[in-house]
Amino acid sequence: MAEDEPAPATITKTANALAQAAEFALASLVNLGWTWPNIAFAIAAATTAATGRFPRSATILGFILFVRLIRFPEGPMSRSDQPATGEMVDLPTGATHYEWLEATTLLSEVPVVVVHGFSGDLNDVRPLAARIRDAGHRVLVYDLVGRGYSACRGERHTCRLFVSQLSELLSALQIQRAHLVGNSLGGGVAIEFARYFPQRVESLALVAPVGLRLAKRTYVLTRAPLVPDVLFRCFLQFSLLFGLEYEWADVKNPKYRTMVQAYKRRVAEEPALGRSLLSTARHFPFEQLGPAFAA
């Protein structure tokens, strides 16, 4: 090899750097604001296409516009109406909706915190919480970020975000230690919380928790470019009901029909639900909580 020829490793490194720069530039263009940039891209794409002089530029601008229209809007979202039950507390992770279920006779001063699943809200775990309350415990239920009446600030819905929300909620309510009960996604949140804050966990109970394995087709649908955006933006109700039917063995059960109606209502009333579910599907470590289970 001649001395003035660049080494293959240098070429590869330069190519990777250029690719990352191009990806960052495209992402920056896609993520600019919302309404006015869309109008600007539409005008630019239409003008370029009409002149016929820059067909490649017209294609690129049109593609960016398409991606921006398909993707969910950025920024914070919250419900404008007031919750009929429960309380609201403003946390660094966002306003959080919670509710206490008080026992008539307490067997323990340490409260029980029940964390709901991926697409649910505190109403989903209310029957379980009521049984725990009837057994003599004070029970706290709350809406995860972007679900129910809890706000969504536009951050990536990582496990750290959910763990931070739970930690902040306990601190705001002056709860030093608690029994944790986590269902589905809530199980993953609870076990990660116990991993990082063992001194605050009196006991841990998991009900069908996530964290060890995710169905291959689910993984593909949530990680593929644009496909999840289309599903969660245009077919959110269908996607949720399809998943609900997949989980229930007896779809003729009256409880199933009640839950279907609840999901339809939530899709209509919760503006942040679809984006929160999509962000969670993309960024929550559904298959990477092995160390927490081992601990």
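Description of the structure in this document.

How each quantity is defined
Residues numbered from 1 in each chain as written. Predicted model: local features only at pLDDT ≥ 70, side-chain atom pairs only at ≥ 80, totals over all residues. Heavy atoms only, no water. Helix = DSSP H or I, 4+ residues; strand = E, 2+ residues; numbered from the N terminus. Buried < 20%, exposed > 50% of the residue type's maximum accessible area, 1.4 Å probe, protein only. Phe/Tyr/Trp six-rings, centres within 6.5 Å; stacked < 30°, edge-to-face > 60°. Lys NZ or Arg CZ within 6 Å of the ring centre and 35° of its normal. Axes fitted to C-alpha atoms, helices over the stretch in contact; angles between N-to-C directions. Parallel < 35°, antiparallel > 145°, perpendicular 65-115°, else oblique. Contact = heavy atoms within 4.5 Å. Nonpolar A, V, L, I, M, F, W, Y, C, P; charged D, E, K, R; others polar.

**Some thoughts on the environment of leucine 106**
If you trace the backbone, leucine 106 turns up in the loop between strand 2 (94–101) and strand 3 (112–115). Leucine 106 gets classed as partly exposed once you look at its relative accessible area, which sits at 38%. Residues leucine 106 and histidine 137, 31 residues apart in the sequence, show an inter-C-alpha distance of 5.5 Å.

**Thoughts on the packing of aromatic side chains**
Taken as a whole and assessed by the stated rule, the structure comprises 2 aromatic pairs. Aromatic side chains phenylalanine 193 and phenylalanine 197 sit 5.0 Å apart centroid to centroid with 35° between the ring planes, which places their arrangement in the tilted category. Taking the relative accessible area as the measure of exposure, phenylalanine 193 reaches 0% and is therefore buried. Judged by its relative accessible area of 25%, phenylalanine 197 is partly exposed. Geometry around tryptophan 100 places arginine 138 over its ring, the cationic atom sitting 3.7 Å from the centre. Its guanidinium or amino end placed over the ring of phenylalanine 118, arginine 147 lies 5.7 Å from that ring's centre, counting from NZ or CZ.

**Quick word on the packing of helix 5 (residues 159–172) against helix 6 (residues 185–196)**
Where helix 5 meets helix 6, the axes come as close as 9 Å, and the angle between the chain directions of the two elements is 70°. Compared by their axis directions, helix 5 and helix 6 come out roughly perpendicular. Taken together, the residues of helix 6 that come into contact with helix 5 (itself represented by Cys159, Phe162, Val163, Leu166, Ser167 and Leu170) are Leu185, Gly188, Val189, Glu192 and Phe193. Residues belonging to the contact of helix 5 with helix 6 are distributed by class as follows: 8 nonpolar, 2 polar and 1 charged.

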